[in-house]
Each structure stands twice: as C-alpha cells, then as structure tokens.
Amino acid sequence: MIELNVRKSQSLSILKKVSIETFLVISPGWLTTVQDRGRFEHQGEGVPISGVLDNYAYRVGNILLGQSEDAACLEITFFGPKLEALHDTLIVICGADTSPELNGAKIPMWTVITVRQGDILAFNRSNNGCRSYLCVLGGIDVPEVMGSRSTFFRLKIGGLQGRGLVAGDRIFSFLIMNNIQNNKGISLPKEFIPVYESPAIIRVIWGPQDDYFDKKDGLKTFLESKYRVSTESNREGIRLIGPPIKIKSDMPKSIPSEAFPRGGIQVPAGGQPIIILNDSIGGGYAKIAHVITSDLPKVVQLVPGDSMQFKPITLPEAHEILREEEKKISRLVKIVSNGTLMHTID
Amino acid sequence: MYRQFKMLLCGDQAISLEFGEGISLETGLRVQRMLHAIKELKKPGIKELVPCYRSLLIYYDPLLVDLKLLEEEFRRVENNLSENNVIQAKRVKIPVLYGGEFGPDIGYVADYNGLSIDDVIDLHLKPVYISFNGFDPGTPLLLGLPKELHTPRLETPRLSVPKSSVAIGGVQTCVYAYERPGGWRIIGRTPLRMFDLERKPQRLVDFGDQVRFVRIDEKEYFEIFDRVEREKEPVSKYIEKS
C-alpha cells in the first residue's frame, strides 16, 4: 500500500489548488528537469527565461490534456527516466521519440495515456529528436520562483531545488476535479506531428550585426554551408561546427555585451557560430542572424552530429508564419474541446 | 553616442534600440531614460524591456504590434526626452576591505599603473559610479573607474572568483554577486551580499543606481559580516533614496 502525500500548493493562486504525489523517480535518465513556458520579465535583472526548449511539443501536450498551455512538465533530454506512478493520472509524451513503455509495453507518443497507481513508466534512448516532454494532467507542482516553475541551474532556482531529477525524488501534480473522460486515448492528428530531420532547413532573419561580416567569406559561407551540432551544446546554447564565418577585417571582434532573444546566432572570433538558447541572456559577439520562433523546435530537436542549413527570410514572412502557426494551434484547441478527435486506445 | 537610435531586428519578436557604438556614461544614461519613458507608455504588445550598456532590447508581440508605428512612437519618445527626465535611482554605499587575502590582485593593479597600493584604494574610493546590471542578477558592472586604474583582464580567467569580490576589468569595476569563473583583477571584498533571494530588496544595486565604496578594516569587515549574515541586519542602511 502506498501512502499518498497530499499537500497544498505552495504557489500563489486565487483558487486553492491541491496537489498530490504522482511519480516516484526510480532513475532520472540523462537530464530530466521541470520546465514551464518560462520566466519572463526578469531579464533586466539578469535572469534568463529558461523554460521548455521545444515550445511546440510542450503546448500540444498540454492542449491534448485539455489544460492550460502553461502547465509545468518534465523535459527529458535524449535518454529518459524510469518513474513509478503513485496516483492514477493521464499523461501525454511529445517531442523526441524516446520509445516510452508502460509496464514494459510500448505506448504511443502524442497520445493521452491512462496511468494507474503502481504502473512503471520507462523511457529509452531517443531514436528521433533530442528532447521529450512528459505532460501530466493538472501540471507539475513545484514552487514558483519569479513567476515560473522552470529549472535554472546557475541560480539553483525553479524545479526541484534548481536541479535535474535524481532517484528518489517525488513529483507532485495538481489534482483536477473536472471530469475529462473525453480526452482519454485521444491522439494528435498526423498533420500536427512535426518531422525531425537532419539536415534541417532553419529559417533566419538577418541581423542585428550582419553588416559586421564579410560578404563572401561571412554571409555567403553562412548560407551555403551545413553546420553540425557539437557535443558542447546544452540549455544555454548550441555550438555549431562548420566552415568559419569571417568578420570584416576592419570590424571589431566583439561588441559591448548585450541581451538578445533565444535563437540569436553569435559568431566569436574563431568563426564557429553559437545559437543562444533559453538558459542564456546574451553575449558579447556579433550576431549574424536570428532563428525564427517557429523553427526553434527544429533546432533544439537536433542531436550532436546532426546538421542544419540556414535560409534567410524577411520579417513580414516570419510574422506570417507565426500567425499561421497560432491559427493552427487554435484549430487544435477547438478540435480537442469539441471532442471530435479519434480515440485510438482505451 | 548616435544622434538618434538605430532600430535593429533581433529575430521576429524583438528589436534592439542601439544608442551608441561603445560603452559610455552618456550612452548608458540615454538607455535608462528611454527604458523609463517606454515603460511609462504602458503599451499593450510590449512584453519585456532589457537594458544593456548601449542598447535596449524590446520584446514585442507581433500579433498585436505594428513595428513601423512602434518605431515612430519610439522616435517621438526619444525626441521628447529631457535631460531632467529623472531616473528613479538609489544611492548605495558598499563597504570594502581592500587588499590582503581578499584582494590578491591589488599589487598587480598598482604595479601595472605605477601606483602605490594606497593610491589604488584612494582612486577607487573617489568616484560615484553608475551601475549597469551584468548577466548575473545583482552583479553591478560599474562605470566611472578613474583612468589611472584601467587594467586589462587576466589572460586566463580564474575558474572561481569568490562571492562579493570587488574587481577591476578594463575600464570597469564590479562586485561579483556569485562565486563564478571570472577574469577580472580582484582588489577587495565587501561583507555584504549583492543578491539574496530571501531578502528585501533582493538586489542591493539596480540598473542606474549610484554606487560609492567605503574603505573598512578587517575588524569592521567581520563585524558587518556577522551582523548581516547571522543577525540578518537589513541592508537598507546602506541604501539611500535619491
């Protein structure tokens, strides 16, 4: 018999939410962290946004569960954890295919799965993509720090004491009183499931320092080469390996340090580009371009050894892509709430 | 400093207003004035403002904001900025124990600039510095270091600089809020914590604040250290509203 711990949420909320022990961590996998949409409005104080790297997979997972798109989840990096369920719940696994299993039987990705108390949920090594998202009914309950539950290692904040999961951790999730029977077993329609491929074509917007780079040995090299993801990549940034991108000889090799959004591609003097991600705020090197928001999921799903090639587009084009994607997400929210999705299992 | 800001694209959800080529007090003040003036607009669709040395990063919602109109509005704001556009800054006094075990590089700074150690301390105490936040919360990078103290960074950064170290890097001085790797020359240490999540205010120094250093001896260092660490003496006594 497992004794369940129920506690009042430590987060501030008008509604008194109650959370319950949902998973016991048997093994943590390579790196598994609690993340939500991110920690906003603190960058001026030097606190990066953190949060899920693949915002699309995360949103879709929560939408399938019929809950807030901001509910905290587990971000699983490449090799997944083994968890024991301490309470009945519903889950969705999105993103990289880490071949999840429930009590030893393979379970589908992008699908609402029923988990019973005592079940063992195990993940394997990813065979497509780099990061999986385990979304849980109600969302994971850890204390909010500066308005977010996201783990940020450097300040040791968010998640579980600002660190990745370790064996023996207990994961709480909020109890949901509503009956959402309808969502059980629903699967994401194929048109919404992203394809992770290498080399990935990554669309970018030039700037803000593209004028620092040599036309031929800088800008042209950047566009015409394939860049490979280095093993020295993490939640702060993805280091790329490829033909060096040259800065004009009369331009300085660095700039006054400044903040820039995730997806910014900075080029140090050595010419090997770095794409800045969620756990960083910026840097002191010239930025040749920025990855468009809609292509960031493709970037963070590449594993070391995979490659990408950049394709410039205009700002209006990027905004149109963003609008289309939001429309697509709204359409999904509608389909899910209408209850018209196929029930593939249960 | 540029006569007018340059608006630069940072991807599809942010722009950077750039006010000058390099780091200067004049440019830094322009950044802060614009920061406060744009905050005052309370414009829907502006999501987050991040001030830097010579630029202001602005996150916007492209579904709510027309960038052309936004730029025009920012131009108007810049044209109407007045020099007396007061910044809500505080004055902070930071006690420092210079040299010795806590300031291992003070001798290098003295030798490099042909000064005595006492000269280095006197010169460091002289200015009222203006704070810029670095990329760690609570670590103020301070502008206003006298020319005589400008000293290049270490060729190979230390793997760890102790928390609360006071250091010189090029034309700036700073106080490290955290233990972290760093290449600045360490000249002293303050008994105060620059950042503490459990405290109010969490940050001792904010962007735009004026900072003065005060020299203390070893006995005073440990007295203050004891009071703030053990007895949780409020740091507000080191802060003055301006």
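Reading the values: rules and limits
- Residues numbered from 1 in each chain as written.
- Chains lettered and ligands numbered in written order.
- Predicted model: local features only at pLDDT ≥ 70, side-chain atom pairs only at ≥ 80, totals over all residues.
- Heavy atoms only, no water.
- Helix = DSSP H or I, 4+ residues; strand = E, 2+ residues; numbered from the N terminus.
- Rg over C-alpha atoms; globule rule 2.2 N^0.38 Å.
- Buried < 20%, exposed > 50% of the residue type's maximum accessible area, 1.4 Å probe, protein only.
- Contact = heavy atoms within 4.5 Å.
- Areas by Shrake-Rupley, 256 points an atom, 1.4 Å probe, with all protein chains shown as cover.
- Lys, Arg positive; Asp, Glu negative; His and termini not counted.
- Charge placed at Lys NZ, Arg CZ, Asp CG, Glu CD.
- Axes fitted to C-alpha atoms, helices over the stretch in contact; angles between N-to-C directions.
- Parallel < 35°, antiparallel > 145°, perpendicular 65-115°, else oblique.
- Nonpolar A, V, L, I, M, F, W, Y, C, P; charged D, E, K, R; others polar.
- Salt bridge = Lys/Arg side-chain N within 4 Å of Asp/Glu carboxyl O.
- pLDDT = per-residue confidence, 0-100.
- Buried area = accessible area lost by both parts, 1.4 Å probe.
- Polar contact = N/O pair within 3.5 Å; in protein donor to acceptor, adjacent residues only side chain to side chain.
- Expected span 1.5 Å × (residues − 1).
- Pairing = 2+ DSSP bridges.

Asker: An account of the overall build of chain B is needed here, citing residue identities and associated values.
Answerer: In terms of helices and strands, chain B carries 5 helices and 14 strands. Against the 2.2 N^0.38 benchmark of 18 Å for 242 residues, chain B shows a C-alpha radius of gyration of 20 Å, consistent with a compact globule. Along the first, second and third principal axes, the C-alpha atoms of chain B reach 60 × 40 × 35 Å. Out of the 242 residues in chain B, the part that is buried amounts to 55%. Intrachain contacts of chain B at a sequence separation of at least 6 include 64% that bridge at least 24 residues. Surface accessibility of chain B: about 11,600 Å² in total, with carbon and sulfur atoms responsible for 50%. Side-chain charges of chain B comprise 35 positive and 36 negative groups, with the mean position of each set lying 3 Å from the other.

Asker: Talk me through the packing of helix 3 (residues 106-113) of chain B against helix 4 (residues 117-125) of chain B; I want residue IDs and the actual numbers.
Answerer: All names here are of chain B. Packing of helix 3 against helix 4 brings their axes to within 9 Å, and their N-to-C directions diverge by 95°. In terms of orientation, helix 3 and helix 4 fall into the roughly perpendicular class. Where helix 3 approaches helix 4, its residues I106, G107, V109 and A110 are matched on the opposing element by I117, V120 and I121. A class-by-class count of the residues in the contact of helix 3 with helix 4 yields 6 nonpolar, 1 polar and no charged.

Asker: Lay out the environment of G283 of chain A in plain terms, naming residues and giving numbers.
Answerer: Residue and element names in this part refer to chain A. Among the structural elements, G283 can be located in strand 19 (residues 282-283). Among the residues examined, G283 registers a relative accessible area of 9% and is labelled buried. Remark: the alpha-carbon pair of G283 and V115, spanning 168 residues in sequence, is separated by 44 Å.

Asker: Hey, could you go over the pattern of salt bridges for me, with residue numbers and the actual values?
Answerer: Going through the model one piece at a time under the given rule, you end up with 32 salt bridges over all chains. Between E73 of chain B and K43 of chain B there is a salt bridge whose closest N-O contact spans 3.3 Å. Residue E73 of chain B is located in helix 2 (residues 67-79), and its partner K43 of chain B is located in the loop between helix 1 (25-41) and strand 3 (46-51); the two are separated by 30 residues in the primary sequence. In this structure, the salt-bridge partner of K90 of chain B is D206 of chain B, at a minimum N-O distance of 2.8 Å. Taken together, the positions of K90 of chain B in strand 5 (residues 90-98) and D206 of chain B in the loop between strand 12 (185-189) and strand 13 (210-215) put the pair 116 residues apart, joining distant regions of the chain. Since its relative accessible area comes to 12%, K90 of chain B is described here as buried. On the basis of relative accessible area, D206 of chain B is assigned to the partly exposed category, the value being 23%. Each of E258 and K287 of chain A together with E18 and R54 of chain B takes part in a single network of salt bridges with overlapping partners.

Asker: Give a detailed account of the confidence of the model for chain B, specifying residues and quantitative values.
Answerer: With 94% of its residues at a pLDDT of at least 70, chain B reaches an overall mean of 89. Interface confidence for the predicted complex, expressed as ipTM, amounts to 0.92; the pTM equals 0.85.

Asker: Give me the lowdown on the interface of chain B and chain A, citing residues and values where you can.
Answerer: Between chain B and chain A, the contact holds 36 residues from the first and 38 residues from the second. The junction of chain B with chain A conceals about 2,800 Å² of combined surface from both sides, 62% of it contributed by carbon and sulfur atoms. At the surface where chain B touches chain A, the tally comes to 1 salt bridge. Between R54 of chain B and E258 of chain A there is a salt bridge; the shortest N-O distance is 3.5 Å. Between chain B and chain A we count 9 residue pairs in polar contact (both at pLDDT 80 or more) in total. Put simply, the parts of the chain that give the side of chain B that touches chain A at least two residues each are strand 1 (6-9), strand 2 (14-18), strand 3 and strand 4 (55-60) of chain B. Of the residues forming the side of chain B that touches chain A, the biggest block, 5 residues, is contributed by strand 3 of chain B. Residues belonging to the side of chain B that touches chain A are distributed by class as follows: 21 nonpolar, 7 polar and 8 charged.

Asker: Mind laying out helix 1 of chain B, listing which residues take part and the relevant values?
Answerer: Residue and element names in this part refer to chain B. Here helix 1 is 17 residues long and its end C-alpha atoms lie 25 Å apart, about the 24 Å a rise of 1.5 Å per residue gives. Looking only at helix 1, the buried set comprises T27, G28, R30, V31, Q32, R33, M34, L35, A37 and I38. Positive backbone phi, at 45°, marks K42, one or two positions downstream of helix 1.

Asker: I'd like a rundown of the side chain of S126 of chain A, residues and numbers included.
Answerer: Residue and element names in this part refer to chain A. With respect to the helices, strands and loops of the structure, S126 is situated in the loop between strand 10 (120-122) and strand 11 (128-136). Looking at S126, its side chain comes within polar contact range of the main-chain nitrogen of N128, at 3.2 Å. If sequence neighbours within four positions are ignored, S126 has contacts with F78, A96, D97 and T98.

Asker: Can you explain the sheet that holds strand 2 of chain B? Please cite residues and give values.
Answerer: Residue and element names in this part refer to chain B. Read from one edge of the open sheet, 4 strands run 1-2-4-3, paired in antiparallel fashion. Of all strands in the sheet, those bounded by a partner on one side alone are strand 1 and strand 3. For this sheet the average axis-to-axis angle between neighbouring strands, irrespective of direction, equals 25°. Where strand 2 meets strand 4, 5 bridges bridge the pair, whose relative direction is antiparallel. Residue pairing in the sheet places S16 in a bridge with L57 of strand 4. The strands touched by helix 2 are strand 1, strand 2, strand 3 and strand 4; relative to strand 1, the strand with the most contacts, the crossing angle is about 150°.

Asker: Residues and numbers for unusual backbone geometry, please.
Answerer: Residues and elements named next belong to chain A. Of note, the bond from S198 into P199 is cis; its omega dihedral lies within 30 degrees of zero at 0°. Structurally, the position occupied by P199 is in the loop between strand 12 (170-174) and strand 13 (200-206). Of the consecutive residues G207 and P208, the connecting peptide bond is found in the cis state with omega at 5°. Inspection of the secondary structure puts P208 in the loop between strand 13 and helix 2 (215-224). Even without a glycine there, the phi angle at F78 is positive, about 60°. Mapped onto the elements of the fold, F78 is located in the loop between strand 4 (73-77) and strand 5 (82-85). A relative accessible area of 23% means that F78 is categorised as partly exposed. Not every positive phi belongs to a glycine, and Q161 is a case in point at roughly 50°. Along the chain, Q161 falls in the loop between strand 11 and strand 12.

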